[in-house]
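One letter stands for each residue in the lines below.
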Amino acid sequence: MGTLLNGIRHLPDYLDRAAQERLIELVRIVVAEAPLYTPEMPGTGRPMSVRMTNCGSLGWVTDRQQGYRYQPFHPVTKKPWPAIPAELLDLWERLAGYPKPPEACLVNFYADDAKMGLHQDRDETEFAAPVLSISLGNTCLFRVGGLNRKDPTGSFRLSSGDIVLIGGEGRLAFHGVDRIYPGTSMLLKNGGRINLTLRRVNS
Ligand code: SIN
Ligand code: FE2
C-alpha cells in the first residue's frame, strides 16, 4: 500500500517460529482460564464473527447493553482476567517506546471466515501509547486508512509472526481485517488466526 500515517509500523517476521509457538502455548493457558466468548455490537446486539478474551488488569469487551469498554473481569465467568505473560510485557518494553506497561491484552480469534470491520481503537484514555499487535496463524488482509472513516484506505497482508505498531499520528487511524487466507500457516492445527493487541488504557 501507499504511505502509512507516521507512527504506524509493520515489522514483518518479527517473531521466529519458536517464539510464535511459545505465544500460542501462552494463549492456550489464558483461554483455559478466560474462555473465548462472542462479543456483540452495541445497540443491535449483532454477534461479531471474531471471538475474544483478554489478559491483563483490564480487558476490552462489548455487548448489546453496555457497548465498547474496558473492565477488570470476564463478561461470562465474571472472574478477573489472567495476568499478561512476561514474554508479552517484554515485547512491549522493547517496541512500544512508552514508559508504563500495558494494562490490557486483547486476544482475537478469527476462524477462517471471520473478519473485522473498519474501526478506530479509541476506548483508551491514553493515546500517547501505541497499540502493539501480534499476528499468529493464518495470514490476513489488513486494511488501514486515515483519521476519518472516509479517508482512502490501503491494505497489506499480515502473516504469522508479524507485528504492527499503531501509534504516533496514526494512533487513531481506522483499520480492520478484510479476510483470512485459509491454509497459509501450520501454526494453528485447526486453522484460523490469532491476533494479540497490547494496550495502555489509562495514562
Ligand atoms: C483489532 O483491530 O483489534 C484487530 C486487528 C487485527 O486482528 O490484526
Ligand atoms: Fe483495532
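Going by the structure above, here's the rest.
First, a word on scope: everything that follows refers to the structure included in this document.

Each value, and the rule that gives it
Residues numbered from 1 in each chain as written. Chains lettered and ligands numbered in written order. Predicted model: local features only at pLDDT ≥ 70, side-chain atom pairs only at ≥ 80, totals over all residues. Heavy atoms only, no water. Donors = N, O, S within 2.8 Å, 3.2 Å for Na, K, Ca; no water. Tetrahedral: all angles 85-135°; square planar, octahedral: opposite > 155°, others 65-115°. Buried < 20%, exposed > 50% of the residue type's maximum accessible area, 1.4 Å probe, protein only. Helix = DSSP H or I, 4+ residues; strand = E, 2+ residues; numbered from the N terminus. Polar contact = N/O pair within 3.5 Å; in protein donor to acceptor, adjacent residues only side chain to side chain. Salt bridge = Lys/Arg side-chain N within 4 Å of Asp/Glu carboxyl O. Core = buried A, V, L, I, M, F, W, Y, C linked by side-chain atoms within 4.5 Å. Contact = heavy atoms within 4.5 Å. Pairing = 2+ DSSP bridges. Axes fitted to C-alpha atoms, helices over the stretch in contact; angles between N-to-C directions.

### Describing the coordination of the iron ion (ligand 2)
No. 1: Coordination of the iron ion (ligand 2) by the protein comes from His119 (NE2), Asp121 (OD) and His175 (NE2), over a distance range of 2.1 to 2.2 Å.
No. 2: Coordination at the iron ion (ligand 2) is irregular, judged from the 4 donor atoms that bind it and the angles of 90 to 173 degrees they form at the metal.
No. 3: Accessibility expressed as a relative area gives 6% for Asp121, which makes it buried.

### Examining the side chain of Gln71
No. 1: Here Gln71 is to be found in strand β4 (residues 69-71).
No. 2: The exposure class of Gln71 is buried, given its relative accessible area of 7%.
No. 3: At a separation of 3.1 Å, a polar atom in the side chain of Gln71 contacts the side chain of Arg69.

### Observations regarding the pattern of salt bridges
No. 1: According to the stated counting rule, one finds 9 salt bridges in the structure shown.
No. 2: Here Glu21 makes a salt bridge to Arg17, at a shortest N to O gap of 2.7 Å. One end of the pair is Glu21 and the other is Arg17, both in helix α1 (residues 17-33) and 4 residues apart, which spans about a single turn.
No. 3: Exposure remark for Glu21: the relative accessible area of 38% places this residue in the partly exposed category.

### Details of the environment of Gly97
No. 1: Turning to its location among the elements, Gly97 is positioned in the loop between α2 (86-95) and β5 (104-110).
No. 2: The exposure class of Gly97 is exposed, given its relative accessible area of 75%.
No. 3: Residues Gly97 and Gln71, spaced 26 residues apart in sequence, show a C-alpha to C-alpha distance of 25 Å.

### Here's the deal with the nonpolar core
No. 1: Leu88, Leu132, Ile134, Leu136, Ile163, Ile194 and Leu196 are the most contacted members of the largest nonpolar core, which has 29 residues in total.
No. 2: Of all elements in the fold, only α1, α2, β5, β7 (131-137), β10 (163-166) and β12 (193-199) reach the threshold of two or more residues within this core.
No. 3: Sequence-distant contacts of Ile163, defined by excluding residues within four places in its chain, comprise Arg9, His10, Leu11, Tyr14, Leu15, Leu91, Leu95, Leu132, Ser133 and Ile134.
No. 4: Membership of the second largest hydrophobic core comes to 28 residues, among which are Val50, Trp60, Ile166 and Val177.

### Quick notes on the sheet that holds strand β2 (residues 51-56)
No. 1: Judged by pairing direction, the sheet is antiparallel, and its 6 strands sit side by side in the order β1-β10-β7-β12-β5-β2 without closing on themselves. In this open sheet, the two strands that pair with only one neighbour each are β1 (8-11) and β2. Across the sheet, the axes of successive neighbouring strands diverge by a mean angle of 15 degrees, strand direction being ignored.
No. 2: In this sheet, β12 lies alongside β5 in antiparallel orientation, the contact comprising 7 bridges. Its bridge partner being in β12, Asn108 is matched across the sheet by Asn195.
No. 3: Across the face of the sheet, α2 comes into contact with β1, β5, β7, β10 and β12 while running at roughly 130 degrees to β7.

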